[in-house]
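Architecture at a glance
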Amino acid sequence: MKLRNIPVGVQLYSVRESLEADFKGTLQRVKDMGYSGVEFHDLFGHDPKEVKKWVTEIGLVPVSAHIPLDDMIADPEGTIGAYKEIGCSMVAMPWLAEERRPGGPLYDETVKAIEKLAAYCKEIDMKLVYHNHDFEFVKPEGSDEYCLDIMYAQIPDLYAELDLCWVKVAGEDPVKYIKKYADRSPIIHYKDFYMPGKKAQNLYKLIGTTVEEVEDDAIFEFRPVGYGQQSWMDITDAVVDAKIPWIIVEQDEPTLKMVPLDCIKKSLEYIATL
């Protein structure tokens, strides 16, 4: 199996402003760049039937969607069902608040909720996956395991969507984690970054939290794939060996004086060289 046999999609959060302004037009631009599929995060009020029609006409695979856990708990049929109607085969929890992670006061009830949602997804021929940040790579008091590993061990029907940027930011080896969860990773995030020193205060600004005990001049930037600090040849060898079905490019914010659409274009161009 070679990398060219693995389709590459894009998390549309990367181009969210363009998507909100011109949903169908942005999907077409993504396709014209050479992307094979998309991962949603918001429909911006569009009817799922309409979105399904657009992706079908354009020729994009609706791979998955990020949905906050609380939204899925409140209305699983409505939230997960909307993306099922579009044609997605997966839905992902984009992150969990600290109180819901292992060691937190809401963890036990969170496990029960995730198990219930995973069972529902299975009933409708979908998969429930979890998209990590770096803050799952901490060990709860009294444990020798990371929160992320505890979750996957405790919830066997929860699949992995490893975000390789955050794995590396946590100080772990992306290749190691690709190999570790090769049998339960239907999708993986290719994401690059630049962080020359300690963690920056703005690391989690997009989800509304901050980092404590950081250097005042610390720098963190999301980068197009191939323009940051990741070892993409090693990563890609591991992805190919693991036979992961989908690669998804994600860049949370633009950088290097480029607009978001140009950033994801650069990522795909680089991936094509691997």
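Structure: see above.
Cut-offs applied
Residues numbered from 1 in each chain as written. Predicted model: local features only at pLDDT ≥ 70, side-chain atom pairs only at ≥ 80, totals over all residues. Heavy atoms only, no water. Salt bridge = Lys/Arg side-chain N within 4 Å of Asp/Glu carboxyl O. Helix = DSSP H or I, 4+ residues; strand = E, 2+ residues; numbered from the N terminus. Buried < 20%, exposed > 50% of the residue type's maximum accessible area, 1.4 Å probe, protein only. Pairing = 2+ DSSP bridges. Axes fitted to C-alpha atoms, helices over the stretch in contact; angles between N-to-C directions.

Focus: the pattern of salt bridges
One pass over the structure, following the stated rule, counts ten salt bridges. Lysine 24 is paired through a salt bridge with glutamate 57; the nearest N and O atoms lie 3.3 Å apart. Note that lysine 24 is positioned in helix H2 (residues 23-33) and glutamate 57 in helix H3 (residues 48-58), a separation of 33 residues in sequence. Residue classification places lysine 24 among the partly exposed positions, given a relative accessible area of 34%. Of the residues examined, glutamate 57 reaches a relative accessible area of 47% and is grouped as partly exposed. A salt bridge links aspartate 163 to lysine 191; the nearest nitrogen and oxygen atoms lie 2.8 Å apart. Remark: lysine 191 occurs in the loop between strand E7 (187-190) and strand E8 (192-194) and aspartate 163 occurs in strand E6 (residues 158-163); sequence separation between them is 28 residues. Since its relative accessible area comes to 0%, aspartate 163 is described here as buried. Judged by relative accessible area, which is 1%, lysine 191 ranks as buried. One salt-bridge network, in which partners are shared between bridges, spans Asp163, Lys191, Glu250 and Asp252.

Points about the sheet that holds strand E3 (residues 61-65)
What the eight strands build is an open sheet, ordered E3-E2-E1-E10-E7-E6-E5-E4; its pairing is parallel. With one partner strand each, in any of the chains shown, E3 and strand E4 (90-93) form the two edges of the open sheet. In this sheet, neighbouring strand axes are inclined to one another by 30° on average, regardless of whether the strands run parallel or antiparallel. With three bridges connecting them, strand E1 (residues 8-11) and strand E2 (residues 37-40) associate as parallel partners. Bridging from a neighbouring strand, glutamine 11 pairs with glutamate 39 of E2.

Distances and angles like these do not, on their own, reveal function.
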